[in-house]
Amino acid sequence: MKVGDWLRVDLRARFQGDVRTSEARIRADEDGGMDIARRRVGIEGRVSHFDYQVEYEFGDHEWRDVYLDYRQFKAVQVRGGAFKLPFGLDENTSPTNLDFVYRARISERLAPGRDRGVSVHGRLLKGFISYEGGLFGGDGDNARPGNSARVFGKRTMAARVLAHPFRGSKSPLSSLQFGGAITGSDVPLGFPAIRARTVFGESFYGSDVWVYGRRQRTGLEVRWRPRRVSLQAEYIRLSDERRGQSVEDGDLSPLIAQGWYASGTYALTRKRNRFGLVEGAARYETLSFGSRSRGLEPSTSMRAHAVLGNIDRVATLGVNWLPNRWVKLQFNLIREAIGRPSMGPSPDRAAFWSRVFRLQLTL
């Protein structure tokens, strides 16, 4: 619905259903490989100089994005409410537009996700630079514990800056963007709620290590979309201090979680083809947990200077078919390799295959 230039109201709805199989365990699989990933409805639009969005997720029985965005000036705009922290390329891509069924491991496990807060954002230098920075009540729902005994970051500062060096040009580089992001917060004493999980949610590292002190995320990203091709890569590092956690009450080396991915798609058909858009996709990624201390052998002790960690390496091949603007079908073939299989979902095998098919309907 639209009333002049001052009011617009759009209804949004999204349904995503998955069929999953794997050679390893699937966490909380109670429906024989069936999973209703999202059942979400919402409204979005504009009132005068304010954009707004309200979304409700029926599966989790919770509100998702709920915010107002004052957008009168391109250089300085203000957003307030509950929304995603400005951190992470893949994490801040709408589920409707993802190239793969699931986000990269670093995006689901290390990027903050949503929280309540206020941010300032905008575009500078004729759109060559875009930025966002804000203050939030916590460090996102990705880091919030399902188990109340685990700890997460409190008040969080977050910022993200992107450069579009060839914006507006007619060269193939016009779509190139790259940037970086950072968050900072304090974590109380306890075991961290950020966990090492496989694609289907099984643990491959316990994270039962005492942390206390500063939590910092650092992210780097790049994306380029020349014609039928889409390429992107991202690196995220999360560091948790362990102040006063040695057996002598001294400081220990930080617990580090980090990883990267590189992915690409190629459009096999054009959007206006009568069969719709068909894409091939590929991604390689890693996610690791642990800590190091020069000259010391890694240990499984929760108060060790050097913590014995683990790594998950994931390769994904996919096909996407968009027959029209309301329907999207995706198939992903996934191979995971656990660095130390004894910590993973299949202790007797280092690598395993998984498959997932998704039907997505949007309005």
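So, how was this worked out
Residues numbered from 1 in each chain as written. Predicted model: local features only at pLDDT ≥ 70, side-chain atom pairs only at ≥ 80, totals over all residues. Heavy atoms only, no water. Helix = DSSP H or I, 4+ residues; strand = E, 2+ residues; numbered from the N terminus. Contact = heavy atoms within 4.5 Å. Areas by Shrake-Rupley, 256 points an atom, 1.4 Å probe, with all protein chains shown as cover. Phe/Tyr/Trp six-rings, centres within 6.5 Å; stacked < 30°, edge-to-face > 60°. Buried < 20%, exposed > 50% of the residue type's maximum accessible area, 1.4 Å probe, protein only. Pairing = 2+ DSSP bridges.

Student: Please set out the overall build of the chain residue by residue, giving values where relevant.
Tutor: For the chain, the helix and strand inventory stands at 1 helix and 19 strands. The C-alpha extent of the chain, read off along each of the three principal axes, is 70 × 45 × 45 Å. Of the contacts made within the chain by residues no fewer than 6 positions apart, 61% connect residues no fewer than 24 positions apart. Total accessible area on the chain is roughly 18400 Å²; 56% of this is exposed by carbon and sulfur atoms.

Student: Any details on the packing of aromatic side chains? Residues and values, ideally.
Tutor: Taken as a whole, this structure holds 10 aromatic pairs when the rule is applied. When the centroid spacing of 5.9 Å and the interplanar angle of 70° are considered together, the rings of Y67 and F83 count as edge-to-face. One end of the pair, Y67, is in strand β5 (residues 62–70); the other, F83, is in strand β6 (residues 77–84), with 16 residues separating them in the sequence. Judged on exposure class, the residue Y67 and its partner F83 are both buried.

Student: Describe the pairing of strand β10 (residues 177–190), listing the residues and the values that go with them.
Tutor: Pairing between strand β9 (residues 156–163) and β10: 7 bridges, direction antiparallel. Paired with M157 across the two strands is G184, which belongs to β10. Strand direction decides the pairing type here: β10 and strand β13 (residues 211–224), joined by 12 bridges, are antiparallel. Looking across to β13, one finds that Q177 is bridged to R223.

Student: Can you break down the side chain of S288 residue by residue, with the values?
Tutor: Inspection of the secondary structure puts S288 in strand β16 (residues 277–290). Classification of S288 by relative accessible area gives buried; the value is 17%. When neighbours within four sequence positions are excluded, S288 is seen to be in contact with I256, A257, Q258, N310 and I311.

Student: I'd like to hear about unusual backbone geometry, residue by residue, with values.
Tutor: A positive phi angle, near 55°, is found at H61, a position not held by glycine. Relative to the assigned elements, H61 resides in the loop between β4 (50–57) and β5. The phi angle at S207 is positive, at roughly 60°, despite the residue not being glycine. Locating S207 in the fold gives a position in the loop between β12 (203–205) and β13. Exposure remark for S207: the relative accessible area of 1% places this residue in the buried category.

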